[in-house]
Amino acid sequence: MRIAVFGATGRTGHPLVEQAVERGHEVVAFVRDTIGLSSTLRNDDRVSIIKGDAYTGEGVERAIAGDDGPVDAVVSVLAQSSEGPDDLLTEAGRHILSAMSQHGVERFVTLVGAGVREEGESVSPGGRMMGALLKLLARSVLEDARDQVELVKDSDTRWTVVRGPRLTEDAHTGEFRHGPNLSLGMRDTAARENVADFILDCLEDDLYIHEMPKVVDA
């Protein structure tokens, strides 16, 4: 499978690219600066690097269209930074989905925080408290993620929205729970490398089409 990864140099994106290659896939790594990729990945024949800006759309179509034909799937693990725009995920998502539609690419997986809820979803007391804190401390991040999800839901893609709690740099254990109806508390976390593992599972096994599973360390 050829997978375009947006956010490939990020703290979740880098292990995602590493694991994808280890699992036998080819990766188109979309980056703003190649310095964020390890030298091992930069020199790997299975990794193609496209420099661009997902927010403005620069290079997005090229990453998805490919030089020898479109990719098979697209993953976005983009994340906001303090210096970046408040609507990064929404605008990047708009460019990505447009290019996917133009080139007939259907499979899309994107990562957002567990604070993004589904209508009528049951939320634990800890989850409600976390949601209240997000609205207070990171309202723009939450709203951006919600807006992106609405765009994704309205698209013609075979989408999966992966929702994670607080992400950590803990070791890759491969042990995690997942599902749309998981009840998460204040102390629940997910190692970024486990999240990357789960995203690849979703792609390889066609899991959770048109669903919003949560993932948490077991």
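See the structure printed just above.
Residues numbered from 1 in each chain as written. Predicted model: local features only at pLDDT ≥ 70, side-chain atom pairs only at ≥ 80, totals over all residues. Heavy atoms only, no water.

## Considerations on the overall build of the protein chain
The helix and strand tally for the protein chain stands at seven helices and 10 strands. Dimensions along the principal axes, computed over C-alpha positions, put the protein chain at roughly 50 × 35 × 35 Å. Relative to its full complement of 218 residues, the protein chain shows a buried share of 49%. For the protein chain, restricting intrachain contacts to residue pairs at least 6 apart in sequence, the fraction spanning at least 24 positions comes to 71%. Taken as two groups, the 23 positive and 38 negative side-chain charges of the protein chain have centres that lie 6 Å from each other. (Helix = DSSP H or I, 4+ residues; strand = E, 2+ residues; numbered from the N terminus. Buried < 20%, exposed > 50% of the residue type's maximum accessible area, 1.4 Å probe, protein only. Contact = heavy atoms within 4.5 Å. Lys, Arg positive; Asp, Glu negative; His and termini not counted. Charge placed at Lys NZ, Arg CZ, Asp CG, Glu CD.)

## Notes on the nonpolar core
One finds V5, L16, V75 and I199 to be the most contacted residues of the largest nonpolar core, which totals 30 residues. Where this core is concerned, the elements lending two or more residues are strand 1 (2–6), helix 1 (13–22), strand 2 (26–31), strand 4 (73–76), strand 5 (107–113) and helix 7 (192–205). Apart from residues lying up to four places away in sequence, I199 is in contact with L16, V75, V77, V109 and V162. Ranked by size, the runner-up nonpolar core spans 29 residues in total, among them F30, A54, L78 and M100. (Core = buried A, V, L, I, M, F, W, Y, C linked by side-chain atoms within 4.5 Å.)

## A word on the environment of P70
With respect to the secondary-structure elements, P70 resides in the loop between helix 3 (60–65) and strand 4. The class for P70 is partly exposed, based on a relative accessible area of 39%. In the structure, P70 is positioned 113 residues away from S183 in sequence and 38 Å away in space, judged by C-alpha atoms. Beyond its immediate stretch of four places on either side in the chain, P70 contacts R2, I64, A65, H103 and V105.

## Some remarks on the packing of helix 1 against helix 7
Across the interface, helix 1 lies against helix 7 with an axial gap of 9 Å and an inter-helix angle of 50°. Compared by their axis directions, helix 1 and helix 7 come out oblique. Note that helix 1 runs across helix 7; the crossing there is right-handed. For the pair helix 1 and helix 7, contact is made by P15, L16, Q19 and A20 and by E193, A196, D197, I199 and L200, respectively. Per-class residue counts for the contact of helix 1 with helix 7 are six nonpolar, one polar and two charged. (Axes fitted to C-alpha atoms, helices over the stretch in contact; angles between N-to-C directions. Parallel < 35°, antiparallel > 145°, perpendicular 65-115°, else oblique. Left-handed = near helix turned anticlockwise from the far one by under 90°. Nonpolar A, V, L, I, M, F, W, Y, C, P; charged D, E, K, R; others polar.)

## Some words on unusual backbone geometry
Of note in this structure, Y208 is not a glycine but carries a positive phi near 55°. You will see that H210, though not glycine, has its phi angle at about 60°, which is positive. Take H210: it is sitting in the loop between helix 7 and strand 10 (214–217). H210 sits in the partly exposed class, given a relative accessible area of 45%.

## With respect to helix 7
Given 3.6 residues per turn, any residue in an α-helix points the same way as the ones three and four places further on. Between its terminal C-alpha atoms helix 7 stretches 20 Å, which fits the 20 Å expected from 14 residues at 1.5 Å a residue. With 11 of 14 residues buried, helix 7 lies mostly within the body of the structure. R192, N194, V195, A196, D197, F198, I199, L200, D201, C202 and L203 are the residues of helix 7 that are buried. (Expected span 1.5 Å × (residues − 1).)

## Focus: the packing of aromatic side chains
Summed over the entire model, instances satisfying the criterion amount to three aromatic pairs. An angle of 35° between the planes, with centres 4.7 Å apart, marks the rings of F6 and F30 as tilted. With F6 in strand 1 and F30 in strand 2, this residue pair connects regions lying 24 residues apart in the sequence. Taking relative accessible area as the criterion, F6 reaches 0% and is therefore assigned buried. An aromatic cluster is present here, built from F176, F198 and Y208 joined pairwise through their rings. (Phe/Tyr/Trp six-rings, centres within 6.5 Å; stacked < 30°, edge-to-face > 60°.)

## Brief notes about the pairing of strand 5
Most of strand 5 sits out of view: six of its seven residues are buried. As for the winding sense of the linkage, the β-α-β connection from strand 4 through helix 4 (residues 88–103) to strand 5 is right-handed. Pairing of strand 5 with strand 6 (residues 158–164), which is carried by seven bridges, proceeds in the parallel orientation. The residue bridging F108 from the neighbouring strand is W159, located in strand 6. (Right-handed = clockwise from strand over helix to strand, strands pointing away. Pairing = 2+ DSSP bridges.)

## A word on the pattern of salt bridges
Side-chain pairs of opposite charge can arise whenever the charged atoms involved come near each other. Under the criterion given, the structure shown has 11 salt bridges. Put simply, E91 and R94 hold a salt bridge, and the shortest N to O gap is 3.2 Å. With a gap of three residues between them, E91 and R94 both fall in helix 4, about one helical turn apart. In this structure E91 comes out as partly exposed when scored by relative accessible area, which is 22%. Of the residues examined, R94 reaches a relative accessible area of 39% and is grouped as partly exposed. A salt bridge links D206 to R158; its shortest N-O distance comes to 2.7 Å. One end of the pair, D206, is in the loop between helix 7 and strand 10; the other, R158, is in strand 6, and 48 residues separate them in sequence. (Salt bridge = Lys/Arg side-chain N within 4 Å of Asp/Glu carboxyl O.)

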